[in-house]
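Structural overview for review
Below, each chain spelled out in residue letters.
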Amino acid sequence: MKHEKVRKNAEFQTVYRRGKSFANHLLVLYVFKNRKNVLDGVPFSRIGISVSKKVGKSVVRSRVKRLISESYRLNKDQFPVGYDFVIIARVASHDKSYAEMDKSLKHVFKKAGLFNDEKNTIKSNPVL
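Conventions used here
Residues numbered from 1 in each chain as written. Predicted model: local features only at pLDDT ≥ 70, side-chain atom pairs only at ≥ 80, totals over all residues. Heavy atoms only, no water. UniProt positions renumbered as here; feature names shortened; annotations may be inferred. Core = buried A, V, L, I, M, F, W, Y, C linked by side-chain atoms within 4.5 Å. Buried < 20%, exposed > 50% of the residue type's maximum accessible area, 1.4 Å probe, protein only. Helix = DSSP H or I, 4+ residues; strand = E, 2+ residues; numbered from the N terminus. Contact = heavy atoms within 4.5 Å. Pairing = 2+ DSSP bridges. Salt bridge = Lys/Arg side-chain N within 4 Å of Asp/Glu carboxyl O. pLDDT = per-residue confidence, 0-100. Phe/Tyr/Trp six-rings, centres within 6.5 Å; stacked < 30°, edge-to-face > 60°. Lys NZ or Arg CZ within 6 Å of the ring centre and 35° of its normal.

Per an unreviewed UniProt entry, the protein chain goes by the name Ribonuclease P protein component and belongs to Proteiniclasticum sediminis. UniProt, in the comment section headed Sequence similarities (unreviewed entry), describes the protein chain in these words: "Belongs to the RnpA family." In its Function (unreviewed entry) section, UniProt records this for the protein chain: "RNaseP catalyzes the removal of the 5'-leader sequence from pre-tRNA to produce the mature 5'-terminus. It can also cleave other RNA substrates such as 4.5S RNA. The protein component plays an auxiliary but essential role in vivo by binding to the 5'-leader sequence and broadening the substrate specificity of the ribozyme."

See the structure below:
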């Protein structure tokens, strides 16, 4: 949805300055807890995606953005709410498949401690 995106340069700069960063070989994730992300009393998270011209020409950059967006959309229910996320694609991401990008996104969120993997919670908290 429109209100779930980080769009303005000032918003990106706030996340860069005040947030924490986590990285792996394909992506860099900046996380900022934003208490203003509330609509009608319901908190939500916002995402911003940045792909440099170093990654490739416009077709390649758009493809990388679409892969990241789709991976985030499909896993959104496992990420916490009330945050601003900025994801930066590294140069190595230019020729990666969706599966590799999805695995990398999950990994960087796990590194930040923000990925709620249902498999791990079932194993660690068995129902008797």
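Formed by 23 residues in total, the largest nonpolar core has its most connected members in L27, L29, F85, I87 and F109. Residue assignment for this core shows that the elements contributing at least two residues are β2 (27–33), β5 (46–51), α2 (58–75), β6 (83–89) and α3 (98–111). V6, V15, F32 and V86 belong to the second-largest nonpolar core, a separate cluster that totals 5 residues.

With that settled, the discussion passes to the environment of I88. Structurally, I88 can be placed in strand β6. Classification of I88 as partly exposed rests on a relative accessible area of 22%. Separated by 44 residues in sequence, I88 and F44 place their C-alpha atoms 21 Å apart. What I88 contacts, discounting residues up to four positions off in sequence, is Y16, L26, L27, V28, Y30 and S50.

Our focus in this paragraph is the pairing of β2. Taking burial as the measure, the 7 residues of β2 include 5 buried ones, the bulk of the element. For strand β1 (residues 20–23) and β2, the ladder comprises 4 bridges, and the chain directions are antiparallel. Bridge pairing in β2 places K20 opposite V31. By the bridge criterion, 7 bridges tie β2 to β6 in an arrangement that is antiparallel. The partner of F32 across the bridge, within β6, is D84.

By the definition in use, this model includes 6 salt bridges. Where D84 meets R46, a salt bridge forms, and the shortest distance between an N and an O atom there is 3.0 Å. Of the two residues, D84 is situated in strand β6 and R46 in strand β5; the sequence distance between them amounts to 38 residues. On the basis of relative accessibility, which here comes to 12%, the residue R46 falls in the buried class.

Mean pLDDT for the protein chain: 90, with 91% of residues reaching 70 or above. In the model, residues 121–128 has pLDDT below 50 throughout and makes 1 contact with residues more than four positions away in sequence or in other chains.

Before going further, it helps to spend a moment on the side chain of S71. Relative to the assigned elements, S71 resides in helix α2. In this view, S71 contacts Y98, D102 and L105; residues no more than four positions away in its chain are not counted.

Overall, the coordinates contain 8 aromatic pairs when judged by the stated rule. Measuring from centroid to centroid gives 5.4 Å for Y72 and F79, while their planes differ by 20°, and the two rings are stacked. Among the residues examined, F79 registers a relative accessible area of 6% and is labelled buried. Each ring, one from F79 and one from F109, has its centre 3.9 Å from the other, and the planes form 20°; the classification is stacked. Of the two residues, F79 is situated in the loop between α2 and β6 and F109 in helix α3; the sequence distance between them amounts to 30 residues. Taking the relative accessible area as the measure of exposure, F109 reaches 0% and is therefore buried. Three or more aromatic residues joined by ring pairs make a cluster, and in this case those are Y72, F79, Y83, F85, F109 and F115. Lying over the aromatic face of Y83, K33 brings its terminal NZ or CZ to 4.8 Å of the ring centre.

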